[in-house]
Structures are given as structure tokens and as C-alpha cells.
Amino acid sequence: DTVKVFGLLCASVFAWYLGYFFAEILPEDSLQTAIGSMQRLGEKTMIKAPLPVRQKCAVWRKCQPSEFVYSVRSGGAKSYLPVICLEDEILLGGGKKTGDRGFNFVIVNPQTLKVVDTKTFDMYEGDFSGPMVEFMNKVPDKFIVLVASHDDAFSKLNDAAKKAFEDLGSKEIRNLKFRSGFVFVAIKGGTLPEDAEREKIIHSDGSRNRYSGWPAEIQIDGCLRRQ
């Protein structure tokens, strides 16, 4: 203990001597300049990262003023309804709690961006492929067709209904299986931009499903030109 105390005293005296020595040999203006620089450093405003800008439909895409944003997400399990969003307005699902098992359609006027029809066709119980084909055939040309599946959209899907989807531009409709997730967007009688996401499909797989018996939700989104 005595040695420790003696060492501490020696260190203190040595530190005082070094301080005194440098104070004597350094010009006074150099010390003042150094102190001033340290003070100004402390006064500098910290640069803050800008807050992220919330995008429409929670889509991280920057659409041009001449475009509008869309987002289509399939349902998950029995509890999570599909969601279709256009220009930050939920058209189906979400807080509206609309949508059900099968194919969920939203038809939009391309000029006003207003919904003109919403339909759900159950492909598990009952024969609704026929009414669905009639509905799809009556959609006016150039109108926007947005489709999201929920639960099972395969069991009662007949060949005529698959052909109707293909006429709208679908490439995946014939790959549908029991409880496959499916999302699709089309312009009837028109074309989508080359880089637009137009459809996705995901199959139920017991080794990879997010939910017991159901695959994860899938989503497509992008920008479409206003008419």
C-alpha cells in the first residue's frame, strides 16, 4: 500500500511538471487557438438523417406525376384478408374487412381511378367459374383489373375461367394448385409497362409454409400511367 501511494504521488508530480513545462514552452496564442477550436467543435450542429418519406400504399417506389401507384397482396391463412390498394386508398381488405375465399376482383376506371365494381368468387364451394367468366368478359376495354386470391382459388376453377385469365395476359393461371397464392393486375385490351409487376404465384408447401396449411402472402406493386 505504501508503494502504491508513493507511486501515485510521483505520477501526480510528474503530470504537474509536464503541464507546467508545456505551458512555458508553447506560445500563449497557440493554447488559446487550440481551446477555441475545441469549443467550436462542441458548438457544431449535429447532422440528422432525414425522416423516411411515407410512400403511397406503403410501396417504396417513386412514381412520376403522370403515374399512379398500385399494390396487390394475397391473403394469408384464414385470418389475413387480401389487400388491394390504389393511390394510397385501400380498395379491398385492410380496415374495410372485405374480400373472401377464392378470387377477389377490383375493377377501376383508368381515367377517374374510381372503383366501378368489386366481386369475390369462391372457388372451393359451388360452381362460380361460369359467373366469373361472365364478369370478366363484361369489364370495359382499358379498365384496370386487380385480382388477389385468398385461401383456395383452385378447386372449382375450370378451363374457361383459366382461358379468361389468359386473355387478360396471365401466364401463371394454369400453374395454380390447391391453396396457391395468386395476385394479378391487367389492363383489359391494353398493355402494362414492361417493368410493371403483373402477377405472382406461390404454392402451399408443408416444409416452407408460413402458416399451417397455407403459404405466405405475396405482393406485386408498381406504377401505371394515367390516362
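The structure reproduced in this document is the subject of the present report. Here the structure is a predicted model, which means the values were calculated and not measured. One numbering rule holds for all chains: residues counted from 1, following each sequence as written. Only residues with pLDDT of at least 70 get local features here, since the model is predicted, and only at 80 or more are side-chain atom pairs given and counted; chain-wide, interface and lining totals rely on the full set of residues. Values shown for side chains rest on all heavy atoms present in the structure; no hydrogens or waters enter the calculation.

In this section: unusual backbone geometry. Phi is positive for Cys57, which is not a glycine, with a value near 60 degrees. Numbering of helices and strands runs from the N terminus, with a helix taken as a DSSP run of H or I at least four residues long and a strand as a DSSP run of E at least two residues long. Position of Cys57 among the secondary structure elements: in the loop between α2 (28-43) and β1 (67-73). Positive phi outside glycine occurs at Leu113, with the angle close to 60 degrees. Among the structural elements, Leu113 can be located in the loop between β4 (102-108) and β5 (115-121).

Right, let's talk about the pattern of salt bridges for a bit. By definition, a salt bridge exists where a carboxyl oxygen of Asp or Glu is found within 4 Å of a side-chain nitrogen of Lys or Arg. Inspection of every chain in the model, using the stated rule, returns eleven salt bridges. For Arg179, the salt bridge is made with Asp151, and the minimal N-O distance between the two is 3.4 Å. Taken together, the positions of Arg179 in the loop between α4 (159-167) and β7 (181-187) and Asp151 in the loop between β6 (144-150) and α4 put the pair 28 residues apart, joining distant regions of the chain. Per-residue accessibility, obtained with a 1.4 Å probe over protein chains only, is compared with the maximum for each type, and a residue is labelled buried under 20%, exposed over 50%, and partly exposed between these values. Classification of Asp151 as buried rests on a relative accessible area of 13%. In this structure, a network of salt bridges that share partners links the residues Lys56, Glu87 and Arg226.

Moving on, we come to the sheet that holds strand β9 (residues 219-225). Paired strands, as defined in this entry, are two strands with at least two bridges between them according to DSSP. Pairing within the open sheet is antiparallel, and its four strands lie in the order β3-β2-β1-β9. Here the strands that pair on one side only, and so sit at the sheet edges, are β3 (89-92) and β9. Sheet twist, expressed as the average angle between the axes of neighbouring strands with direction ignored, equals 20 degrees. For β1 and β9, the ladder comprises seven bridges, and the chain directions are antiparallel. Opposite Ser71, over in β9, you have Asp221 as the bridge partner. Interaxial angles span 0 to 180 degrees and are taken between N-to-C directions of axes, which are lines fitted to C-alpha atoms, for helices over the stretch in contact.

The values reported here are purely geometric and, on their own, carry no functional implication.
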